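# What the coordinates show
Here is how the chains run, residue by residue.
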Amino acid sequence: MTSNIEACTMLDNVFEVAVKMKENDVGAIPIVDGETLVGMITDRDIVVRGVAEKKPGSSKVEEIMSSQLVTVSPETSADEAARLMAEHQIRRLPVVEGNRLVGIVSLGDLALNPQSDSQAEIALTEISEHDQTNLQ
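The chain is annotated in an unreviewed UniProt entry as Inosine-5'-monophosphate dehydrogenase from Mesobacillus campisalis.

Another point: the overall build of the chain. From N to C terminus, the chain includes five helices and five strands. Element order for the chain, N to C, with α for helix and β for strand: β-α-β-β-α-α-β-β-α-α. Looking at the chain as a whole, 35% of its 136 residues qualify as buried. Here the analysis covers contacts within the chain between residues at least 6 apart in sequence; of these, 50% occur between residues at least 24 apart.

This next bit is on the pairing of strand β5 (residues 100-106). For β5, the tally of buried residues reaches five of seven residues, placing the bulk of the element in the interior. Of the pairings in the sheet, the one linking strand β4 (residues 92-97) to β5 comprises six bridges and is antiparallel in character. Each bridged residue has a counterpart across the sheet, and for Leu 93 the counterpart in β5 is Val 105. In this structure, the hairpin formed by β4 and β5 is closed by a connection of two residues, where Gly 98 is found at a positive phi of approximately 70°.

Its boundaries defined by the atoms lining it, the second largest pocket holds a volume of some 230 Å³. In terms of lining, the second largest pocket is formed by 14 residues, of which the most central are Thr 2, Ile 5, Val 26, Ala 28 and Ile 104. Looking at the lining of the second largest pocket, the elements with two or more residues in it are β2 (28-33) and β5. At three residues, the largest contribution of residues to the lining of the second largest pocket is made by β2. Partitioned by chemical class, the residues of the lining of the second largest pocket number six nonpolar, five polar and three charged.

In this structure, Asp 25 is a non-glycine residue whose phi angle is positive, near 50°. One can find Asp 25 in the loop between α1 (14-24) and β2. Positive phi, normally seen in glycine, also occurs at Lys 54, with a value near 55°. Turning to its location among the elements, Lys 54 is positioned in the loop between α2 (43-51) and α3 (78-88). For Lys 54, a relative accessible area of 76% translates into the label exposed.

Below, the discussion takes up α1. Three or more residues of α1 are buried, namely Val 14, Val 17, Lys 20 and Met 21. The arc enclosing the buried residues of α1, seen along the axis, measures out at 120°, which places them on a common side. The outward face of α1, more than 90 degrees from its buried face, is lined by the exposed residues Phe 15, Lys 22 and Glu 23. Where α1 begins, the side chain of Asn 13 points an oxygen toward the backbone nitrogen of Phe 15, at a separation of 3.0 Å.

Moving on to the environment of Thr 36. Note that Thr 36 resides in strand β3 (residues 36-42). Judged by relative accessible area, Thr 36 falls into the partly exposed class, the value being 32%. With 64 residues separating them along the chain, Thr 36 and Arg 100 place their C-alpha atoms 4.5 Å apart. Beyond its immediate chain neighbours, meaning those up to four positions away, Thr 36 contacts Ile 31 and Asn 99.

So, how was this worked out
- Residues numbered from 1 in each chain as written.
- Predicted model: local features only at pLDDT ≥ 70, side-chain atom pairs only at ≥ 80, totals over all residues.
- Heavy atoms only, no water.
- Helix = DSSP H or I, 4+ residues; strand = E, 2+ residues; numbered from the N terminus.
- Buried < 20%, exposed > 50% of the residue type's maximum accessible area, 1.4 Å probe, protein only.
- Contact = heavy atoms within 4.5 Å.
- Pairing = 2+ DSSP bridges.
- 1 Å grid on protein atoms, 1.4 Å probe; cavity = no way out; pocket = protein on both sides within 12 Å on 5 of 7 lines; lining within 4 Å.
- Points joined across faces, edges and corners; volume = space filled by probe spheres on them.
- Nonpolar A, V, L, I, M, F, W, Y, C, P; charged D, E, K, R; others polar.
- Arc of directions from axis to C-beta.
- Polar contact = N/O pair within 3.5 Å; in protein donor to acceptor, adjacent residues only side chain to side chain.

Put into C-alpha cells, the structure is as follows:
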C-alpha cells in the first residue's frame, strides 16, 4: 500500500487534477472532503468523461470523478485486494479507515508482494483481457 497519497478536493478542477497526476507520475487521484474519500479520478476518466465529452479543464472534479468506489480496509489481505481488483476490473483500491483515506493499493503494489504473486498475476490477466476486449 502507498500511504503518502496526493489528493484533490471538490474545490479543484480537472486541469488541477491532471497537473497533480503529471507532477506525481500517477494515474489516479483521490478526491477528498477533509480526510473523507468522496471520489476518484483516473487518467482514463479525464479522457473518457472529460476530453471525449468536450468538458474543459476548468470543469469541476465532480463532473468526471467516480463516486461509487470499491474500497478496502488496512486489514484486507493482499489476496482479497487482488480478487476485488479482478472482479471489478480496477487497477487501484483506496484504503480507508471508516471513510478516511489512509492509502491506495495498486496492482503494482501487489506484484511487489511475494506472498500475493499468483493473485496479482490473476488480477492483472483478467483486467488486461477485459481491456483488450473493450478495444475490439
